[in-house]
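This is what each chain is made of:
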Amino acid sequence: MATVEQSEGGSVVSELIEFLNASPTAFHAVDEARKRLEAAGYERISEKDDWKLEAGKKYFFTRNYSTIIAFAIGKKYVGGNGFHIVGAHTDSPCLKLKPVSKVSKGGYLEVGVQTYGGGLWHTWFDRDLTIAGRVILRETKDGSVSYSHRLVRIKDPIMRIPTLAIHLDRGVNDGFKVNTHNHLVPVLATSIKAELNKKVSENTGAVEGGVVGKKYDVNTDCEKQNHHPLLLQLLATEIGCQPHEICDFELQACDTQPSVVAGAMNEFIFSGRLDNLCMTFCSLKALIEATSSASSLQDEIGVRMVALFDHEEIGSNSAQGAGSPAMLDALSRITNAFSPDSQVLRKAIQKSFLVSADMAHALHPNYMDKHEENHQPKMHGGLVSKHNANQRYATNAVTSFIFKEIATRHNLPIQDFVIRNDMPCGSTIGPILASGVGIRTVDVGAPQLSMHSIREMCAVDDVKHSYEHFKAYFEEFQELDRIRVDC
Ligand SMILES: [Zn+2]
């Protein structure tokens, strides 16, 4: 049996696995993207500064550290030329810690969480969970106070949401109903062991786990009463700070089980967050590889861009979501850096093209009737072009044709999807950006199963197909767009 490394496209797959394992949250995914872009010669810029951009150079910026937009400007670019964009999203459904997460019940310490997005919440039971996200630290050195923003991830499984034994719920297999308020509360510890830990800390003046320093006082430090001291100790140990220096955070529960290549033929990826870190990674790698050599931007007249947004799972309406002005701001600032004429942006948008990349539903062998019989995306069948007459997807005949033409030229498979008429259709960033920016858009995605489960699956060949398709799009769109389908 061929290993993934031996098979064609293996490196894309193993790099995706590394990316997934390093990205438990949107913040981590953006940080991983940043590292790869910097290593590839992309210069970090800030939306707070003036932009002095040069043709032939590569840049990126982040917003809220959960959205990232990277772009490479063609050597022959002039203001008013088009943007060739792949858009995806960095977030996935999960459980986010409440502002007051301290819950104590029945002799247990629990962690209060909010549901984020439309998760398959029953899959979060009986998993080995941990915590990751970002914290704001207040540090005092030589009398002066400074604040910092740090990413954190506790590696060990520190929590679990236990199911109820079947003996106490005999009807559970007829339909497992989750009350997300009552039942979806991770257990952190028993109070008896946590009490013991607190006493050790008080006696030694140190926090168990290696953080030495100011003793944490649960009675007087009112900020910290929002969270179990044990949880703050674990975070402080991981960060290498003292618990009282943690002044705020955005943390979430996440699975500790690593992403793997699996299946009897090593043809699948089993992982959390494939929706949509799979498309995030494939588009990012495609941009990096399509702009890596000295000659790659030599004849390019447009701008190649990847835009990875937070908050898709909750409708994209936030300061950094696809519903924000982030994309339009980027297009207008790049255009204006090369042309003082503000009208030029309008022409640029009409010459531009967006591939909205978000995972698609593969046909499920045990639920065949959930797919329309002529539109049953298959694993290994390549990217899925998503259509919806009611514009839940922004694809039209022109955008679909252009994207399919790339597949034809490169001998890549591609398939179509529409939802059954008697089922509601999902949506994504495509229609939001198409309507907000006025840009030609095609909605596509690699096929997967178990979407929004804590553990999803997709096929390794589709990772390779997606990456190659996006890369060819970046490299050839300029030439392909000359076959103008005027409308
Ligand atoms: Zn998605």
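Residues numbered from 1 in each chain as written. Predicted model: local features only at pLDDT ≥ 70, side-chain atom pairs only at ≥ 80, totals over all residues.

By the naming in an unreviewed UniProt entry, the chain is Aspartyl aminopeptidase, taken from Kalanchoe fedtschenkoi. Looking at the Cofactor (unreviewed entry) heading of the UniProt record, one finds this comment for the chain: "Zn(2+)". (UniProt positions renumbered as here; feature names shortened; annotations may be inferred.)

A.B. asks: Any chance you could break down the overall build of the chain for me, citing the residues and the numbers?
C.D. replies: A tally of helices and strands in the chain yields 10 helices and 22 strands. What you see for the chain is a C-alpha radius of gyration of 24 Å, in line with the 23 Å of a compact globule of 487 residues. The C-alpha extent of the chain, read off along each of the three principal axes, is 75 × 60 × 45 Å. In the chain, which comprises 487 residues, the proportion classed as buried is 44%. (Helix = DSSP H or I, 4+ residues; strand = E, 2+ residues; numbered from the N terminus. Rg over C-alpha atoms; globule rule 2.2 N^0.38 Å. Buried ≥ 20, exposed ≤ 12 C-beta atoms within 10 Å, placed from the backbone.)

A.B. asks: Describe helix α2 (residues 26-39), naming the residues involved and giving the relevant values.
C.D. replies: End to end, α2 covers 20 Å across 14 residues, agreeing with the expected 20 Å (1.5 Å per residue, within 8%). Positive phi shows up at G41, right after α2, with a value of about 90°. (Expected span 1.5 Å × (residues − 1).)

A.B. asks: Could you give an account of the domain arrangement of the chain, naming the residues involved and the relevant values?
C.D. replies: Looking at the assigned domains, one finds that the chain contains domain 1 (12-92 + 272-481) and domain 2 (94-202 + 222-255). With 13 residues of domain 1 in contact, the opposing surface of domain 2 contributes 17 residues. Split by residue class, the side of domain 1 that touches domain 2 holds 4 nonpolar, 6 polar and 3 charged. (Domains from an automatic or database assignment. Contact = placed C-beta atoms within 7 Å. Nonpolar A, V, L, I, M, F, W, Y, C, P; charged D, E, K, R; others polar.)

A.B. asks: So what's going on with the nonpolar core? Which residues, and what values?
C.D. replies: Considering soluble globular proteins, one finds that nonpolar side chains tend to be buried as a cluster. I69, A70, C278 and V355 are the most contacted members of the largest nonpolar core, which totals 86 residues. With 10 residues, helix α5 (residues 274-289) is the single largest residue contributor to this core. Contacts of V355, omitting those with residues within four sequence positions, involve I85, V86, F403, V442, V444, F470 and Y473. Listed in part, the 32 residues of the second largest apolar core include C94, L188, F249 and C254. (Core = buried A, V, L, I, M, F, W, Y, C linked by C-beta atoms within 7 Å.)

A.B. asks: Tell me about the sheet that holds strand β22 (residues 456-459), and name the residues and values.
C.D. replies: Two strands in a sheet stick together by hydrogen bonds in their backbones, pointing the same way (parallel) or opposite ways (antiparallel). The mixed open sheet is built from 5 strands, whose spatial order is β13-β14-β22-β21-β17. Because the sheet does not close on itself, it has two edges, and the strands there are β13 (260-262) and β17 (360-361). As paired elements, strand β21 (residues 447-449) and β22 share 2 bridges and run antiparallel to each other. Note on β22: the bridge partner recorded for Q448 is C458. Its contacts with the sheet put α5 on β14 (268-271), β21 and β22, and the angle it makes with β22 is roughly 35°. The strands that helix α10 (residues 460-480) touches are β13, β14, β21 and β22; relative to β22, the one it contacts most, it runs at about 65°. (Pairing = 2+ DSSP bridges. Axes fitted to C-alpha atoms, helices over the stretch in contact; angles between N-to-C directions.)

A.B. asks: Can you break down the sheet that holds strand β4 (residues 83-89) residue by residue, with the values?
C.D. replies: A sheet is described by the order of its strands in space; here 9 strands give the open sequence β1-β2-β3-β15-β4-β16-β20-β18-β19, paired in mixed fashion. Of all the strands in the sheet, just β1 (43-44) and β19 (414-417) have a single pairing partner and so form its edges. Docked against the sheet, α2 engages β1, β2 (58-63), β3 (67-73) and β15 (303-309), running at close to 20° with respect to β3.

A.B. asks: Please set out the environment of P340 residue by residue, giving values where relevant.
C.D. replies: Within the secondary structure, P340 is located in the loop between α6 (326-338) and α7 (344-350). Counting along the chain gives 86 residues from P340 to G426, while the straight-line C-alpha distance between them is 40 Å.

A.B. asks: Explain the packing of helix α8 (residues 397-409) against α10 to me, using residue names and the numbers behind them.
C.D. replies: Close contact between α8 and α10 brings their axes to 10 Å; oriented N to C, the two are set at 110°. Between α8 and α10, the interaxial angle falls into the category roughly perpendicular. Helix-helix and strand crossings are classified by hand; for α8 and α10 the assignment is right-handed. On the side of α8, the interface is formed by I402, E405, I406 and A407, while α10 contributes H469, A472, Y473, E476 and L480. When the residues that make up the contact of α8 with α10 are grouped by side-chain class, the tally is 6 nonpolar, 1 polar and 2 charged. (Parallel < 35°, antiparallel > 145°, perpendicular 65-115°, else oblique. Left-handed = near helix turned anticlockwise from the far one by under 90°.)

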